[in-house]
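Read off the chains here:
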There are 2 protein chains.
Amino acid sequence: MGFSVKNRHRSVKVLRRGDLAKLTGCNLETIRYYENIGVMPEPPRTSKNYRAYDESHVGRLRFIMRARELGFTLDEVRDLLALVDGGVQTCGEVQGLANSHLASVRAKIDDLKRIERVLSSTVAQCTGDDVPECPVIDALTEVT
Amino acid sequence: MGFSVKNRHRSVKVLRRGDLAKLTGCNLETIRYYENIGVMPEPPRTSKNYRAYDESHVGRLRFIMRARELGFTLDEVRDLLALVDGGVQTCGEVQGLANSHLASVRAKIDDLKRIERVLSSTVAQCTGDDVPECPVIDALTEVT
DNA sequence: CCTAGGCTCTGTAGTTGGTACAGGCTCAAT
DNA sequence: ATTGAGCCTGTACCAACTACAGAGCCTAGG
């Protein structure tokens, strides 16, 4: 994985895009996408125009992927990264972002639970028979 | 709202797209979109090429909107409508669709709950102070 | 009668978060 | 020398809408 490039006196391990993808489990194309939208930095290029990543990029991509797993939007990820990169990030600022995201996660859960309640109570009334009368259709057709 | 068109011997109330939008609360453009993707039927046109809806379209659009509110995808809506339109729909068939949708709603709830747990327990460790150490950032940066 | 504004029509582009090609280079191994 | 893998770019596609431009039509007010 990766290849070495002579850099004056030492040999530096360089990661190509495919290496980064394998190391992180991220889709190959997604890496380029993240670069395009500015959440991954533009890496240096080799003489043949290949992206040359290093360990710092692995860390950055893992950060992004973890935040995405926690449901942060890419906009929110950008905000988090800006705080981290700014070097002036405070726990309070990050807490603010995380809390507002938490609120939206909770709102989504509530929405889905409401849907689940309606749907499960309606389906529970189904006979499941080969008859055309169906409580689910009735609920959707209802003239309220 | 609407306008009348002389139709041989009686006058028929015709709804324009804007009327349908107001009656159902659906966005104007969404109606055209639903027509394009085939969940709303192509309505008859007036001589001036305006869409001419009637009460049946109001019912159809409300059905779609209710199904969407219950989180059915438009593909699932299409299936439901095909069953209803087919006239041979049985309660069992509809129940099948609703149940599989219910399963995916429950899966989404579980996902979000997991996210909520991780996020809230992490945020709970924040001091909220003006210090750079932050449990949220640590969790995202963690070298596992 | 004329004009302004409001409605409608069409096609097309933007949104979010990616994914997947096509067509062309480069590189290592056979 | 050639094959295959990997990389490069731009672009198109997915859901489910939303929005806008540019044109046509219709009605009410002056």
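Residues numbered from 1 in each chain as written. Chains lettered and ligands numbered in written order. Predicted model: local features only at pLDDT ≥ 70, side-chain atom pairs only at ≥ 80, totals over all residues. Heavy atoms only, no water.

Which residues make up the packing of aromatic side chains, and what values go with them?
Geometrically, a pair of aromatic rings is defined through the distance of the ring centres and the angle of the planes. Overall, the coordinates contain two aromatic pairs over all chains when judged by the stated rule. Between B:Y33 and B:Y34, the aromatic rings sit 5.9 Å apart at their centres with planes inclined by 45°, giving tilted as the arrangement. (Phe/Tyr/Trp six-rings, centres within 6.5 Å; stacked < 30°, edge-to-face > 60°.)

I'd like a description of a positive patch on the surface, backed by residues and values.
Among the surface-exposed residues, A:K113, A:R117, B:K113 and B:R117 lie close enough to one another that they form a single positively charged patch. For the positive patch, the elements supplying multiple residues, two or more each, are α5 (91-123) of chain A together with α5 (91-123) of chain B. Structurally, the position occupied by B:K113 is in helix α5. (Patch = residues over 30% accessible without salt bridge, like charges linked within 9 Å, V, L, I, M, F, W, Y side chains within 5 Å. Areas by Shrake-Rupley, 256 points an atom, 1.4 Å probe, with all protein chains shown as cover. Salt bridge = Lys/Arg side-chain N within 4 Å of Asp/Glu carboxyl O. Lys, Arg positive; Asp, Glu negative; His and termini not counted. Charge placed at Lys NZ, Arg CZ, Asp CG, Glu CD. Helix = DSSP H or I, 4+ residues; strand = E, 2+ residues; numbered from the N terminus.)

Outline the relation of the copies chain B and chain A, supporting the account with residue identities and numerical values.
Once chain B has been moved 0.0 Å along the axis and rotated by 180°, it coincides with chain A to within an RMSD of 0.2 Å. Those values place the two copies in the arrangement expected of a two-fold rotation axis. Residue B:I109, judged by its C-alpha, is the member of chain B lying nearest the rotation axis, at 3.0 Å. Comparing contact sets, 100% of the residues at the interface of chain B also lie at the interface in chain A, consistent with an isologous, same-surface contact. (Least-squares fit on C-alpha atoms with pLDDT ≥ 70 in both. Contact = heavy atoms within 4.5 Å.)

Talk me through the protein's contact with DNA strand C; I want residue IDs and the actual numbers.
Near DNA strand C you find 20 residues, and of these A:T30, A:R68, B:R17, B:R32 and B:R51 are the closest. Sugar and phosphate atoms constitute 67% of the interface atoms of DNA strand C, taking the interface as everything within 4 Å of the protein. One nitrogen or oxygen atom from the side chain of A:E29 is found 2.9 Å from a base nitrogen belonging to DNA strand C. A:T30 has a polar side-chain atom sitting 2.2 Å from a phosphate oxygen of DNA strand C. Counting residues per element, the ones that place at least two in the surface near DNA strand C are α2 (28-36) of chain A together with α1 (17-24) and α2 (28-36) of chain B. Grouping the constituent residues of the surface near DNA strand C by class yields five nonpolar, five polar and ten charged. (Near = heavy atom within 4 Å. Polar contact = N/O pair within 3.5 Å; in protein donor to acceptor, adjacent residues only side chain to side chain. Nonpolar A, V, L, I, M, F, W, Y, C, P; charged D, E, K, R; others polar.)

I'd like to hear about the protein's contact with DNA strand D, residue by residue, with values.
Around DNA strand D, a shell composed of 20 residues is seen, among which A:R17, A:R32, A:R51, B:T30 and B:R68 lie nearest. In the interface set of DNA strand D, defined as its atoms within 4 Å of the protein, sugar plus phosphate atoms amount to 66%. Taking A:R32, its side chain carries an N or O atom lying 2.3 Å from a base oxygen of DNA strand D. Side-chain polar atom of B:Y33 to a base nitrogen of DNA strand D: 3.4 Å apart, as the coordinates give it. Of all the secondary-structure elements, those providing two or more residues to the surface near DNA strand D are α1 (17-24) and α2 of chain A together with α2 of chain B. Looking at which element gives the most residues to the surface near DNA strand D, the answer is α2(B), with five residues.

So, the interface of chain B and chain A: which residues are in play, and what are the values?
Taken together, the contacts link 48 residues of chain B with 49 residues of chain A. Carbon and sulfur atoms make up 73% of the surface buried where chain B meets chain A, a total of about 4,000 Å² over both sides. Counting across the interface, chain B meets chain A through two salt bridges. As a salt-bridge pair, B:R106 and A:E116 come within 2.6 Å of each other at their nearest N and O atoms. Residue assignment for the side of chain B that touches chain A shows that the elements contributing at least two residues are α3 (55-69), α4 (74-86), α5 and α6 (135-141) of chain B. Here the element with the most residues in the side of chain B that touches chain A is α5(B); it accounts for 20 residues. By residue class, the composition of the side of chain B that touches chain A is 26 nonpolar, twelve polar and ten charged. (Buried area = accessible area lost by both parts, 1.4 Å probe.)

Which residues make up the confidence of the model for chain A, and what are the values?
Per-residue confidence for chain A gives a mean pLDDT of 90, with 91% of residues at or over 70. Counting contacts from residues 6-10 of chain A, a segment whose pLDDT is below 50, to residues more than four positions away or on other chains yields two contacts. (pLDDT = per-residue confidence, 0-100.)

Pulling in residues and values, what's your account of the state of the cysteines?
Summed over all chains, the structure comprises zero disulfides over all chains. Unpaired in terms of disulfides, A:C91 finds its nearest cysteine sulfur in B:C134, a separation of 3.7 Å. (Disulfide = S-S within 2.5 Å.)

I'd like a rundown of the packing of helix α3 (residues 55-69) of chain A against helix α4 (residues 74-86) of chain A, residues and numbers included.
Residues and elements named next belong to chain A. Contact geometry of α3 with α4 gives a least axis separation of 10 Å together with a crossing angle of 135°. When the axes of α3 and α4 are compared, the pair comes out oblique. Classified by chirality, the crossing of α4 by α3 is right-handed. Each of R60, F63, I64, A67 and R68 in α3 lies in contact with α4, whose residues at this interface are L74, V77, L80, L81, V84 and D85. A class-by-class count of the residues in the contact of α3 with α4 yields eight nonpolar, no polar and three charged. (Axes fitted to C-alpha atoms, helices over the stretch in contact; angles between N-to-C directions. Parallel < 35°, antiparallel > 145°, perpendicular 65-115°, else oblique. Left-handed = near helix turned anticlockwise from the far one by under 90°.)

Tell me about the packing of α5(A) against α5(B), and please be specific about residues and values.
Packing of α5(A) against α5(B) brings their axes to within 9 Å, and their N-to-C directions diverge by 155°. Compared by their axis directions, α5(A) and α5(B) come out roughly antiparallel. Taken as a pair, α5(A) and α5(B) cross one another with a handedness that is left-handed. The residue makeup of the contact of α5(A) with α5(B), split by class, is 16 nonpolar, eight polar and eight charged.

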